[in-house]
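Now for the letters of each chain:
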Amino acid sequence: MYLPPHDPHVDDPMRFKPLFRIHLMERKSATVECMYGHKGPQRGHIQIVKKDEFSTKCNQTDHHRMSGGRQEEFRTWLREEWGRTLEDIFHEHMQELILMKFIYTSQYDNCLTYRRIYLPPSSPNDLIKPGLFKGTYGSHGLEIVMLSFHGKKAKGTKITGDPNIPAGQQTVEIDLAHPLQLPDIENLHDFSELSRIVLEVQEQVRREEQEQQEEEDHSQQDASQQKSLGAEGAEGEETAAGAEGTTQDKAPASQPFVLPMGVISRIEDYPRTCRICFYGTGLIAGHGFTSPERTPGVFVLFDDDRFGFIWLELKSFSLYSRIKVSFQNAEAPSREAFDEMLKNIQSLAT
């Protein structure tokens, strides 16, 4: 298992933790050992479910238990997963979220189903190289997000989830057709000024979507009328690729950047310069993914390996850093296959 670094050290390397191992014995014979727990390897089982999918099961889950009971197990898990003790966490809401995550993950006792993750395809027109990123999510700690590009949109899909937003959901969506011109560095300190700029773009996007919908409705009506009159199909239709053109204009090398006053960030030493910003939306929800809604925000591109997102409604900032681990056999599929994979990724375990 590749685990994100301890919160909030988003630029640190991933942590590695073995979950099971296979001993190849004589011909067509092997033994499986579960590496979970603190009493050494236990007997386990692996089953191939279907292509790109397998499951593991520990046959001796009682060996995962500790003499001090669940309290000792929780404290040990807290040190390993978060790099801290319960006494270090003063925020009551954060304590609640961490306890929920422990209860959720520990109930599986290393009896898990695995599916292969195909990395997104890359195009020369992409803003940066797509791939996997570590991101800060407030009291939830660090989570893994997959950044992919789809014409005039970019999407951040959660690979790991939390009690609010599960894996497989689009945590952020970036509108590459609507770059944001940030105010000068003095006015950028004012949250209300940034909010005004973002909300103006949000209204512009809403109007454009409404106009596009009306045009599509009119086109469908015209096509229906032509069909009823026996007319030939329309000629010279512009292709989607030709209509899109480039996703964004050339951006300046860098511009000053600072978080507005009142915006909460787990990272204090975030980059103070950025390349370009875009309007985007971020997904928020209550516990159990209740009442999900997309809210406006700002996508901030810092460099080829780091980007940020300002959640306007939450007054919160997430910083994302590229995972540079080399994953073998992660072949990139076609755009069509990748879009289909995104539809099915909801079933990934958090």
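These numbers come from a predicted model, not from an experiment.

1. Focus on the overall build of the chain
Within the chain, the secondary structure is distributed over 6 helices and 18 strands. Residues classed as buried in the chain amount to 40% of the 350 residues present. A separation threshold of at least 6 residues defines the contact pool for the chain, and within that pool the share at least 24 residues apart is 55%.

2. Topic: the pairing of strand 15 (residues 276–286)
Of all 11 residues making up strand 15, 10 are buried, and the element is well covered by its neighbours. Pairing analysis gives 5 bridges linking strand 11 (residues 170–180) to strand 15, with the strands arranged antiparallel. Bridging from a neighbouring strand, Val-172 pairs with Gly-282 of strand 15. Two elements, strand 15 and strand 16 (residues 290–303), share 10 bridges in a ladder whose sense is antiparallel.

3. Looking at the pattern of salt bridges
Across all of its chains, the model carries 23 salt bridges by this definition. Taking the shortest distance from any N to any O, the salt bridge between Glu-73 and Arg-65 comes out at 3.2 Å. On the basis of relative accessibility, which here comes to 9%, the residue Glu-73 falls in the buried class. For Arg-70, the salt bridge goes to Glu-73, with nearest N and O atoms at 3.2 Å. Of this pair, Arg-70 and Glu-73 both sit in helix 1 (residues 69–82), 3 residues apart, which is roughly one turn of the helix.

4. What about a negative patch on the surface?
Together, Glu-208, Glu-209, Glu-211, Glu-214, Glu-215, Glu-216 and Asp-217 make up a region of like negative charge exposed at the surface. When you line up the elements, Glu-215 lands in helix 4 (residues 191–228).

5. Comments concerning unusual backbone geometry
Going from Asp-7 to Pro-8, the amide bond is cis rather than trans, its omega being 5 degrees. Along the chain, the position of Pro-8 falls in the loop between strand 1 (2–3) and strand 2 (15–16). Positive phi values are uncommon outside glycine, yet Ser-291 reaches one of about 50 degrees. For Ser-291, a relative accessible area of 63% corresponds to the exposed category. One non-glycine residue, Lys-315, adopts positive backbone phi at about 50 degrees. When you line up the elements, Lys-315 lands in the loop between strand 17 (306–311) and strand 18 (316–322).

6. Some thoughts on the environment of Ile-159
By the element assignment, Ile-159 lies in the loop between strand 10 (153–158) and strand 11. Between the alpha carbons of Ile-159 and Met-146 there is a distance of 6.6 Å; along the sequence they are 13 residues apart.

7. Description of the environment of His-63
Inspection of the secondary structure assignment puts His-63 in the loop between strand 6 (53–58) and helix 1. A residue is classified by how much of its surface remains accessible, and His-63, at 26% relative accessible area, is partly exposed. When the C-alpha atoms of His-63 and Asp-109 are compared, they prove to be 10.0 Å apart, with 46 residues separating the residues in sequence.

Conventions and cut-offs
Residues numbered from 1 in each chain as written. Predicted model: local features only at pLDDT ≥ 70, side-chain atom pairs only at ≥ 80, totals over all residues. Heavy atoms only, no water. Helix = DSSP H or I, 4+ residues; strand = E, 2+ residues; numbered from the N terminus. Buried < 20%, exposed > 50% of the residue type's maximum accessible area, 1.4 Å probe, protein only. Contact = heavy atoms within 4.5 Å. Pairing = 2+ DSSP bridges. Salt bridge = Lys/Arg side-chain N within 4 Å of Asp/Glu carboxyl O. Patch = residues over 30% accessible without salt bridge, like charges linked within 9 Å, V, L, I, M, F, W, Y side chains within 5 Å. Areas by Shrake-Rupley, 256 points an atom, 1.4 Å probe, with all protein chains shown as cover. Lys, Arg positive; Asp, Glu negative; His and termini not counted. Charge placed at Lys NZ, Arg CZ, Asp CG, Glu CD.

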